[in-house]
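# Remarks on the overall topology
Each chain, letter by letter, is given below.
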Amino acid sequence: MTTPTIGQMLDSTVPMAHTLKLEYLETTPERAVLRLPDQPAYHNHVGGPHAGAMFTLAESASGCIVLAAFGEQLSRAVPLAVNAEIAYKKLAMGVVTATAVLGRPAAEVVAELDAGGRPEFPVTVEITRADGAVTGVMTVTWTLRPNS
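Presented here is a report on the structure given in the accompanying data block. Values in this document were obtained by computation on a predicted structure and should not be read as measured data.

### Focus: the overall build of the chain
Helices and strands together make up the secondary structure of the chain, namely four helices and six strands. Its helices and strands taken in sequence order, the chain reads α-α-β-β-α-β-β-α-β-β from the N to the C terminus. Relative to the 2.2 N^0.38 estimate, which gives 15 Å for 148 residues, the radius of gyration of the chain is 15 Å and therefore close to what a compact globule would have. By the burial criterion, 38% of the 148 residues in the chain qualify as buried. At a minimum sequence separation of 6, the contacts of the chain that also span at least 24 residues come to 67%. Accessible surface, the chain: about 7600 Å² in total, of which carbon and sulfur atoms supply 56%. Distance between charge centres in the chain, computed from 10 positive and 14 negative side chains, equals 4 Å.

Here is the structure:
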């Protein structure tokens, strides 16, 4: 039996990610890169990706890096998004890509969990269009809630 990839795990547990047909380009503990294909069914009134689709793309990228960085902790803690904030910077058209990075060293987060805490940590995500222009920036605060 093969171990599922981070993308397969997300697609099977988060139906919205599967619905949007997100593409998982890179999912490592250092960064996660996901792409939202250009799909007319998810366009907004100006012909680009709907804000909700872009939010889902960015939040999914943040979830992928959390799974990649803290997957070994899943037997003792549940990752949960605490809050998310997104800023739409420029008009997005066509394919968009989200790149997520951890805002705290993973070892520091795990040490806090080891000490009996419920660590919180930010994940920053940039959304870019094909020409490299940043169309949005999201910050998601995550926690690892210890299993009781």
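Still more ground to cover, so stick around.
### Concerning unusual backbone geometry
Within the chain, Lys 21 stands out as a residue other than glycine whose phi angle is a positive 60°. Among the secondary structure elements, Lys 21 is positioned in the loop between α2 (15-19) and β1 (23-27).

### Considering the sheet that holds strand β2 (residues 32-36)
Pairing within the open sheet is antiparallel, and its six strands lie in the order β1-β2-β4-β5-β6-β3. Here the strands that pair on one side only, and so sit at the sheet edges, are β1 and β3 (77-88). Taken over all neighbouring pairs, the strand axes of this sheet differ in orientation by 20° on average, direction set aside. Two elements, strand β4 (residues 96-102) and strand β5 (residues 120-129), share seven bridges in a ladder whose sense is antiparallel. If you follow Leu 102 over to β5, its bridge partner there is Val 123. Across the sheet, helix α3 (residues 51-70) lies against β1, β2, β3, β4, β5 and β6 (134-146), angled at about 35° from β4, the strand it touches most.

### Topic: the pairing of β4
For β4, the buried fraction is high: five of the seven residues fall into the buried class. Pairing geometry for β2 and β4, over five bridges, is antiparallel. When the sheet's bridge partners are listed, Leu 34 is paired in β4 with Ala 98.

### So, a nonpolar patch on the surface
Taken together, the side chains of Val 46, Leu 91 and Met 93 make up a nonpolar region of the molecular surface, amounting to roughly 250 Å² of accessible area. Looking at the secondary structure, you find Val 46 in the loop between β2 and α3. Note on Val 46: relative accessible area 41%, which makes it partly exposed.

### A word on the environment of Pro 79
For Pro 79, the position within the fold is in strand β3. Taking the C-alpha atoms as reference, Pro 79 lies 15 Å from Gly 103; in sequence the two are 24 residues apart. Once you skip the residues sitting within four places of it in the chain, Pro 79 turns out to touch Val 66, Leu 74, Trp 142, Thr 143 and Leu 144.

### Here we look at the environment of Ala 98
Looking at where Ala 98 falls in the secondary structure, it is placed in strand β4. Linking Ala 98 and Ala 58, residues 40 residues apart in sequence, is a C-alpha distance of 5.5 Å. Apart from residues lying up to four places away in sequence, Ala 98 is in contact with Ala 32, Val 33, Leu 34, Leu 57, Ala 58, Ala 61, Val 125, Glu 126 and Ile 127.

The rules behind the values
- Residues numbered from 1 in each chain as written.
- Predicted model: local features only at pLDDT ≥ 70, side-chain atom pairs only at ≥ 80, totals over all residues.
- Heavy atoms only, no water.
- Helix = DSSP H or I, 4+ residues; strand = E, 2+ residues; numbered from the N terminus.
- Rg over C-alpha atoms; globule rule 2.2 N^0.38 Å.
- Buried < 20%, exposed > 50% of the residue type's maximum accessible area, 1.4 Å probe, protein only.
- Contact = heavy atoms within 4.5 Å.
- Areas by Shrake-Rupley, 256 points an atom, 1.4 Å probe, with all protein chains shown as cover.
- Lys, Arg positive; Asp, Glu negative; His and termini not counted.
- Charge placed at Lys NZ, Arg CZ, Asp CG, Glu CD.
- Pairing = 2+ DSSP bridges.
- Axes fitted to C-alpha atoms, helices over the stretch in contact; angles between N-to-C directions.
- Patch = residues over 30% accessible without salt bridge, like charges linked within 9 Å, V, L, I, M, F, W, Y side chains within 5 Å.
- Salt bridge = Lys/Arg side-chain N within 4 Å of Asp/Glu carboxyl O.

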